[in-house]
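# Commentary on secondary and tertiary structure
In case you want the letters, here they are:
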Amino acid sequence: MAATPVIIEAAINGVTSKETNPNVPRSAQEITADALRCFAAGATIVHNHVDVYMVDGPIAAAAYLEGWRPVWEAIPGALLYPTVNGGPGEQSYGHFVDLAAAGCRIGVVDPGSVNLGDFVYANSRPDVNYQVQVCRDNRLAPSLAIWEPGFLRLVLELWQHDRLPAGAMIKLYFGGDAGYLGGRFGLPPTKPAFDAYLAMLEGCPLPWSTAVIGGDVIDSGTAEWTLQQGGHLHVGLEDWAGDRRPTNEELVRGAVELCAKLGRPVATHDQTVELLGIPIVA
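Residues numbered from 1 in each chain as written. Predicted model: local features only at pLDDT ≥ 70, side-chain atom pairs only at ≥ 80, totals over all residues. Heavy atoms only, no water.

Turning to the overall build of the protein, a few remarks are in order. Check the secondary structure of the protein and you find nine helices and 10 strands. Expressed as a percentage of the 282 residues in the protein, the buried residues total 55%. Sequence-distant contacts in the protein: of pairs separated by 6 or more residues, those separated by 24 or more amount to 73%. On the protein, roughly 11700 Å² of surface is accessible, and the fraction owed to carbon and sulfur atoms is 53%. (Helix = DSSP H or I, 4+ residues; strand = E, 2+ residues; numbered from the N terminus. Buried < 20%, exposed > 50% of the residue type's maximum accessible area, 1.4 Å probe, protein only. Contact = heavy atoms within 4.5 Å. Areas by Shrake-Rupley, 256 points an atom, 1.4 Å probe, with all protein chains shown as cover.)

Below, the structure written as C-alpha coordinates:
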(Lines give C-alpha, C1' and ligand atoms only; values in the text may rest on other atoms or scores of the structure.)
Protein backbone atom coordinates (compact mmCIF):
# COMPACT_ATOMS: atom_id res chain seq x y z
CA MET A 1 0.00 0.00 0.00
CA ALA A 2 2.78 2.44 0.91
CA ALA A 3 4.40 1.92 -2.48
CA THR A 4 1.23 2.66 -4.46
CA PRO A 5 1.57 6.06 -6.15
CA VAL A 6 -1.08 8.59 -5.14
CA ILE A 7 -3.24 10.11 -7.87
CA ILE A 8 -3.92 13.76 -7.05
CA GLU A 9 -6.91 15.30 -8.79
CA ALA A 10 -7.56 19.03 -8.72
CA ALA A 11 -11.16 20.21 -9.08
CA ILE A 12 -10.29 23.80 -9.81
CA ASN A 13 -13.55 25.76 -9.85
CA GLY A 14 -16.98 24.09 -9.73
CA VAL A 15 -19.57 26.63 -8.60
CA THR A 16 -17.10 28.62 -6.48
CA SER A 17 -17.36 32.33 -7.29
CA LYS A 18 -14.75 35.08 -7.40
CA GLU A 19 -16.57 36.66 -4.46
CA THR A 20 -15.93 33.52 -2.41
CA ASN A 21 -12.30 33.24 -3.49
CA PRO A 22 -10.74 35.62 -6.04
CA ASN A 23 -8.17 32.92 -6.89
CA VAL A 24 -10.75 30.63 -8.50
CA PRO A 25 -10.32 30.39 -12.30
CA ARG A 26 -13.46 31.19 -14.30
CA SER A 27 -12.35 32.41 -17.74
CA ALA A 28 -10.82 30.07 -20.32
CA GLN A 29 -7.45 31.80 -19.94
CA GLU A 30 -7.56 31.45 -16.16
CA ILE A 31 -8.51 27.78 -16.44
CA THR A 32 -5.53 27.14 -18.76
CA ALA A 33 -3.06 28.85 -16.45
CA ASP A 34 -4.47 27.25 -13.31
CA ALA A 35 -4.50 23.76 -14.80
CA LEU A 36 -0.86 24.12 -15.87
CA ARG A 37 0.14 25.23 -12.37
CA CYS A 38 -1.71 22.27 -10.82
CA PHE A 39 -0.02 19.79 -13.15
CA ALA A 40 3.37 21.32 -12.36
CA ALA A 41 2.63 21.06 -8.62
CA GLY A 42 1.86 17.33 -8.79
CA ALA A 43 -1.73 16.81 -9.91
CA THR A 44 -2.27 14.41 -12.81
CA ILE A 45 -6.01 14.99 -13.29
CA VAL A 46 -7.76 18.37 -13.53
CA HIS A 47 -11.53 18.76 -13.45
CA ASN A 48 -13.28 22.03 -14.22
CA HIS A 49 -16.61 23.60 -15.02
CA VAL A 50 -17.25 26.32 -17.59
CA ASP A 51 -19.83 29.06 -17.17
CA VAL A 52 -22.00 27.66 -19.97
CA TYR A 53 -24.91 25.35 -19.14
CA MET A 54 -28.05 23.96 -20.75
CA VAL A 55 -26.71 24.38 -24.30
CA ASP A 56 -26.14 21.98 -27.19
CA GLY A 57 -23.17 19.65 -26.88
CA PRO A 58 -20.92 21.31 -29.51
CA ILE A 59 -21.36 24.71 -27.83
CA ALA A 60 -20.45 23.33 -24.40
CA ALA A 61 -17.52 21.39 -25.85
CA ALA A 62 -16.16 24.51 -27.54
CA ALA A 63 -16.23 26.36 -24.21
CA TYR A 64 -14.18 23.60 -22.56
CA LEU A 65 -11.73 23.29 -25.43
CA GLU A 66 -10.95 27.01 -25.33
CA GLY A 67 -9.30 26.41 -21.97
CA TRP A 68 -7.99 22.91 -22.65
CA ARG A 69 -6.27 23.16 -26.02
CA PRO A 70 -3.42 25.34 -24.71
CA VAL A 71 -2.91 22.84 -21.88
CA TRP A 72 -2.67 19.96 -24.36
CA GLU A 73 -0.19 21.96 -26.43
CA ALA A 74 2.03 22.30 -23.36
CA ILE A 75 1.32 18.81 -21.91
CA PRO A 76 0.18 16.38 -24.63
CA GLY A 77 -2.38 13.93 -23.28
CA ALA A 78 -2.99 15.83 -20.03
CA LEU A 79 -5.99 14.37 -18.20
CA LEU A 80 -8.75 16.98 -18.17
CA TYR A 81 -12.47 16.38 -17.82
CA PRO A 82 -15.70 18.42 -17.60
CA THR A 83 -18.90 18.37 -15.62
CA VAL A 84 -22.37 17.66 -16.94
CA ASN A 85 -24.12 20.28 -19.06
CA GLY A 86 -27.56 20.19 -17.44
CA GLY A 87 -30.86 19.28 -19.03
CA PRO A 88 -32.10 15.91 -20.33
CA GLY A 89 -29.65 13.06 -20.94
CA GLU A 90 -28.48 13.81 -24.46
CA GLN A 91 -28.09 17.52 -23.80
CA SER A 92 -26.44 16.96 -20.43
CA TYR A 93 -23.87 14.53 -21.87
CA GLY A 94 -23.70 15.46 -25.54
CA HIS A 95 -20.50 17.46 -25.11
CA PHE A 96 -18.65 14.35 -23.91
CA VAL A 97 -18.81 12.95 -27.45
CA ASP A 98 -17.16 16.04 -28.95
CA LEU A 99 -14.63 16.27 -26.14
CA ALA A 100 -13.67 12.60 -26.50
CA ALA A 101 -13.08 13.15 -30.20
CA ALA A 102 -10.83 16.11 -29.31
CA GLY A 103 -8.72 14.14 -26.83
CA CYS A 104 -10.58 14.00 -23.51
CA ARG A 105 -10.11 10.61 -21.83
CA ILE A 106 -12.22 10.85 -18.68
CA GLY A 107 -16.02 10.95 -18.46
CA VAL A 108 -18.56 11.28 -15.67
CA VAL A 109 -21.10 8.89 -14.17
CA ASP A 110 -23.20 10.29 -11.32
CA PRO A 111 -24.96 7.17 -10.04
CA GLY A 112 -27.82 8.58 -7.98
CA SER A 113 -29.71 11.62 -6.75
CA VAL A 114 -29.00 14.05 -3.93
CA ASN A 115 -30.47 17.20 -2.36
CA LEU A 116 -28.04 20.13 -2.63
CA GLY A 117 -29.73 23.02 -0.86
CA ASP A 118 -32.89 23.81 -2.79
CA PHE A 119 -31.63 21.93 -5.85
CA VAL A 120 -32.27 18.24 -6.40
CA TYR A 121 -29.51 16.73 -8.50
CA ALA A 122 -31.44 13.85 -10.00
CA ASN A 123 -30.08 10.88 -11.95
CA SER A 124 -32.57 8.08 -12.55
CA ARG A 125 -31.45 4.54 -13.29
CA PRO A 126 -32.00 5.12 -17.06
CA ASP A 127 -29.91 8.32 -16.73
CA VAL A 128 -27.09 6.36 -15.12
CA ASN A 129 -27.28 3.66 -17.79
CA TYR A 130 -27.05 6.39 -20.44
CA GLN A 131 -23.98 7.93 -18.78
CA VAL A 132 -22.29 4.54 -18.61
CA GLN A 133 -23.03 3.94 -22.29
CA VAL A 134 -21.61 7.32 -23.31
CA CYS A 135 -18.37 6.46 -21.49
CA ARG A 136 -18.22 3.00 -23.05
CA ASP A 137 -19.00 4.16 -26.59
CA ASN A 138 -16.42 6.95 -26.43
CA ARG A 139 -13.75 5.06 -24.48
CA LEU A 140 -13.94 7.47 -21.57
CA ALA A 141 -12.79 6.36 -18.12
CA PRO A 142 -15.76 7.05 -15.81
CA SER A 143 -15.31 9.31 -12.80
CA LEU A 144 -17.84 7.92 -10.31
CA ALA A 145 -18.99 10.66 -7.93
CA ILE A 146 -20.29 9.27 -4.62
CA TRP A 147 -22.41 11.95 -2.96
CA GLU A 148 -24.38 9.57 -0.75
CA PRO A 149 -23.92 5.91 0.29
CA GLY A 150 -26.65 4.80 -2.11
CA PHE A 151 -24.51 6.03 -5.00
CA LEU A 152 -21.78 3.60 -3.97
CA ARG A 153 -24.21 0.70 -3.71
CA LEU A 154 -25.22 1.22 -7.33
CA VAL A 155 -21.58 1.46 -8.44
CA LEU A 156 -20.81 -1.80 -6.66
CA GLU A 157 -23.78 -3.43 -8.37
CA LEU A 158 -22.51 -2.25 -11.77
CA TRP A 159 -19.03 -3.54 -10.94
CA GLN A 160 -20.32 -6.90 -9.75
CA HIS A 161 -22.15 -7.34 -13.07
CA ASP A 162 -19.12 -6.20 -15.10
CA ARG A 163 -20.99 -3.19 -16.45
CA LEU A 164 -18.44 -0.46 -15.70
CA PRO A 165 -16.30 0.79 -18.61
CA ALA A 166 -12.52 0.58 -18.32
CA GLY A 167 -10.73 3.19 -16.24
CA ALA A 168 -13.38 3.64 -13.54
CA MET A 169 -12.43 5.52 -10.38
CA ILE A 170 -14.63 5.93 -7.30
CA LYS A 171 -14.69 9.44 -5.80
CA LEU A 172 -15.95 9.43 -2.19
CA TYR A 173 -17.42 12.87 -1.46
CA PHE A 174 -17.78 13.71 2.23
CA GLY A 175 -20.04 16.65 3.06
CA GLY A 176 -18.35 19.48 4.94
CA ASP A 177 -20.14 22.03 7.09
CA ALA A 178 -20.19 24.66 4.32
CA GLY A 179 -22.15 22.29 2.08
CA TYR A 180 -22.57 22.65 -1.67
CA LEU A 181 -25.06 24.93 -3.43
CA GLY A 182 -26.26 26.03 -0.03
CA GLY A 183 -26.97 22.66 1.55
CA ARG A 184 -25.22 19.91 3.46
CA PHE A 185 -25.27 16.38 2.09
CA GLY A 186 -23.96 12.89 2.58
CA LEU A 187 -21.68 11.50 5.25
CA PRO A 188 -19.59 13.96 7.29
CA PRO A 189 -15.77 13.83 7.17
CA THR A 190 -15.40 11.75 10.32
CA LYS A 191 -13.50 8.54 10.95
CA PRO A 192 -16.66 6.43 11.50
CA ALA A 193 -18.07 7.71 8.19
CA PHE A 194 -14.78 6.99 6.43
CA ASP A 195 -14.70 3.49 7.89
CA ALA A 196 -18.28 2.89 6.74
CA TYR A 197 -17.34 3.65 3.13
CA LEU A 198 -14.24 1.44 3.40
CA ALA A 199 -16.40 -1.40 4.73
CA MET A 200 -18.66 -1.03 1.68
CA LEU A 201 -15.61 -1.14 -0.62
CA GLU A 202 -14.20 -4.33 0.90
CA GLY A 203 -13.40 -6.79 -1.89
CA CYS A 204 -13.75 -4.19 -4.67
CA PRO A 205 -10.43 -3.52 -6.46
CA LEU A 206 -11.45 -0.25 -8.10
CA PRO A 207 -9.22 2.72 -7.24
CA TRP A 208 -10.84 5.32 -5.00
CA SER A 209 -10.19 8.80 -3.74
CA THR A 210 -11.67 11.11 -1.12
CA ALA A 211 -12.81 14.72 -1.13
CA VAL A 212 -14.45 16.96 1.42
CA ILE A 213 -16.94 19.19 -0.38
CA GLY A 214 -17.49 22.34 1.63
CA GLY A 215 -14.55 21.71 3.94
CA ASP A 216 -10.88 20.71 3.95
CA VAL A 217 -9.85 17.16 3.11
CA ILE A 218 -6.48 17.59 4.84
CA ASP A 219 -7.46 19.47 8.02
CA SER A 220 -10.38 17.10 8.58
CA GLY A 221 -8.01 14.14 8.75
CA THR A 222 -9.70 12.48 5.77
CA ALA A 223 -6.64 12.77 3.54
CA GLU A 224 -4.41 11.09 6.12
CA TRP A 225 -6.84 8.20 6.63
CA THR A 226 -7.08 7.87 2.86
CA LEU A 227 -3.35 7.68 2.30
CA GLN A 228 -2.96 5.16 5.13
CA GLN A 229 -5.53 2.91 3.43
CA GLY A 230 -4.12 3.09 -0.10
CA GLY A 231 -6.51 5.68 -1.54
CA HIS A 232 -6.01 8.78 -3.66
CA LEU A 233 -6.75 12.49 -3.15
CA HIS A 234 -9.23 14.96 -4.64
CA VAL A 235 -8.52 18.62 -3.80
CA GLY A 236 -9.25 22.06 -5.25
CA LEU A 237 -11.35 25.20 -4.97
CA GLU A 238 -14.52 23.44 -6.10
CA ASP A 239 -14.36 21.55 -2.81
CA TRP A 240 -12.48 23.73 -0.36
CA ALA A 241 -14.11 25.94 2.27
CA GLY A 242 -12.53 27.72 5.21
CA ASP A 243 -11.16 31.00 6.54
CA ARG A 244 -8.21 31.20 4.12
CA ARG A 245 -8.27 32.02 0.41
CA PRO A 246 -5.81 29.50 -1.03
CA THR A 247 -4.99 28.87 -4.69
CA ASN A 248 -5.49 25.52 -6.36
CA GLU A 249 -1.73 25.20 -6.63
CA GLU A 250 -1.39 25.60 -2.86
CA LEU A 251 -4.00 22.90 -2.26
CA VAL A 252 -2.21 20.51 -4.61
CA ARG A 253 1.12 21.23 -2.95
CA GLY A 254 -0.45 20.57 0.43
CA ALA A 255 -1.56 17.14 -0.80
CA VAL A 256 1.93 16.43 -2.17
CA GLU A 257 3.50 17.39 1.15
CA LEU A 258 1.16 15.08 3.07
CA CYS A 259 2.01 12.22 0.70
CA ALA A 260 5.71 12.78 1.41
CA LYS A 261 5.08 12.92 5.16
CA LEU A 262 3.25 9.59 5.09
CA GLY A 263 5.68 7.89 2.71
CA ARG A 264 3.39 7.62 -0.33
CA PRO A 265 4.88 8.57 -3.71
CA VAL A 266 2.89 10.90 -5.97
CA ALA A 267 1.77 9.36 -9.27
CA THR A 268 3.08 10.59 -12.60
CA HIS A 269 0.85 10.95 -15.64
CA ASP A 270 1.87 7.55 -17.00
CA GLN A 271 1.37 5.88 -13.61
CA THR A 272 -2.08 7.44 -13.35
CA VAL A 273 -3.08 6.08 -16.74
CA GLU A 274 -1.78 2.64 -15.73
CA LEU A 275 -3.32 2.62 -12.24
CA LEU A 276 -6.75 3.54 -13.60
CA GLY A 277 -6.51 1.44 -16.73
CA ILE A 278 -7.56 4.38 -18.88
CA PRO A 279 -8.22 3.17 -22.44
CA ILE A 280 -5.51 4.10 -24.92
CA VAL A 281 -6.93 6.00 -27.86
CA ALA A 282 -4.95 5.76 -31.08
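Looking now at the packing of aromatic side chains. Under the criterion given, the structure shown has 11 aromatic pairs. Clustering of aromatic rings is evident, with ring pairs tying together F174, F194, Y197, W208 and W225. (Phe/Tyr/Trp six-rings, centres within 6.5 Å; stacked < 30°, edge-to-face > 60°.)

Looking now at the pattern of salt bridges. Using the criterion set out here, one finds eight salt bridges in the structure. Ionic pairing is found between E157 and R125, a salt bridge with its closest N-O pair at 2.9 Å. Here R125 lies in helix α4 (residues 125-137) and E157 lies in helix α5 (residues 149-160), a separation of 32 residues in the sequence. Take E157: its relative accessible area is 33%, and that puts it in the partly exposed class. E249 serves as the salt-bridge partner of R253, at 3.1 Å between the closest nitrogen and oxygen. Of this pair, R253 and E249 both sit in helix α8 (residues 248-261), four residues apart, which is roughly one turn of the helix. (Salt bridge = Lys/Arg side-chain N within 4 Å of Asp/Glu carboxyl O.)

The next point concerns unusual backbone geometry. The phi angle at D162 is positive, at roughly 55°, despite the residue not being glycine. Following the sequence through the fold, D162 ends up in the loop between α5 and β8 (169-175). Judged by its relative accessible area of 67%, D162 falls in the exposed class. The backbone of L181 shows a phi angle near 55°, a positive value even though the residue is not glycine. Tracing the backbone shows L181 in the loop between β8 and α6 (191-201).

As a further point, take the sheet that holds strand β3 (residues 79-81). Pairing is parallel across the open sheet formed by eight strands, whose spatial order is β3-β2-β1-β10-β9-β8-β7-β4. Because the sheet does not close on itself, it has two edges, and the strands there are β3 and β4 (106-109). Strand after strand, the sheet turns through a mean of 25° between neighbouring axes, direction not considered. The strands that α8 touches are β1 (8-11) and β10 (232-235); relative to β1, the one it contacts most, it runs at about 160°. (Pairing = 2+ DSSP bridges. Axes fitted to C-alpha atoms, helices over the stretch in contact; angles between N-to-C directions.)

Residue alternation in β4 divides its side chains into two sets, I106 and V108 and G107 and V109, and both sets are buried. Pairing between β4 and strand β7 (residues 141-146): four bridges, direction parallel. Note on β7: the bridge partner recorded for V108 is S143.

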